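# Summary of the model geometry
Residue strings, one per chain:
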Amino acid sequence: MVGEATSDYERIGGGEAVRQVVGRFYELVLGDPELAGYFVGADLVRLKRHQALLISQVLGGPAEYDGRELGAAHRGMGISSDDFGRVVVHLVAALREASVSEDIIGRVGDVLGGTKAEIVEA
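Residues numbered from 1 in each chain as written. Predicted model: local features only at pLDDT ≥ 70, side-chain atom pairs only at ≥ 80, totals over all residues. Heavy atoms only, no water.

An unreviewed UniProt entry lists the protein under the name Group 1 truncated hemoglobin, with Actinocatenispora thailandica given as the organism.

Shown next as structure tokens:
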């Protein structure tokens, strides 16, 4: 429709682009010896699904995150500020590899930054 703004979700290529970014993000995180231990025994299919929904929602897409509240989902894991930062670096890398524009990456980073207090414990 005329006058409707294009969402960041649409700008990056929609659901398929988000799935590719999430797949690459988990490759990077699981390949990071400082982070891999957090995922031992984790249901990666479920985690990837929730991550894709969360990123889609952040980007203004049609999906709505339906997972647990972020604080509850990460409680007791002892996630440090450094580890949180490493995760953000990997997500930014995955977004850049997918040729997502820096303005969109900045908006995603702003949202992620707002979740730090809910996730970091150590």
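## Description of the packing of helix H5 (residues 81-97) against helix H6 (residues 102-113)
Packed helix pairs are specified by the crossing angle of their axes together with the interaxial distance, meaning the distance between the axes. Running from N to C, H5 and H6 cross one another at 155°; their axes reach a closest spacing of 11 Å. Viewed along their axes, H5 and H6 adopt a mutual orientation that is roughly antiparallel. When the axes of H5 and H6 are compared, the crossing they make is right-handed. Mapping the contact onto sequence places Phe84, Val88, Leu91, Val92, Leu95 and Arg96 in H5 and Glu102, Ile105, Val108 and Leu112 in H6. The residue inventory of the contact of H5 with H6, partitioned by class, reads 8 nonpolar, no polar and 2 charged. (Axes fitted to C-alpha atoms, helices over the stretch in contact; angles between N-to-C directions. Helix = DSSP H or I, 4+ residues; strand = E, 2+ residues; numbered from the N terminus. Parallel < 35°, antiparallel > 145°, perpendicular 65-115°, else oblique. Left-handed = near helix turned anticlockwise from the far one by under 90°. Contact = heavy atoms within 4.5 Å. Nonpolar A, V, L, I, M, F, W, Y, C, P; charged D, E, K, R; others polar.)

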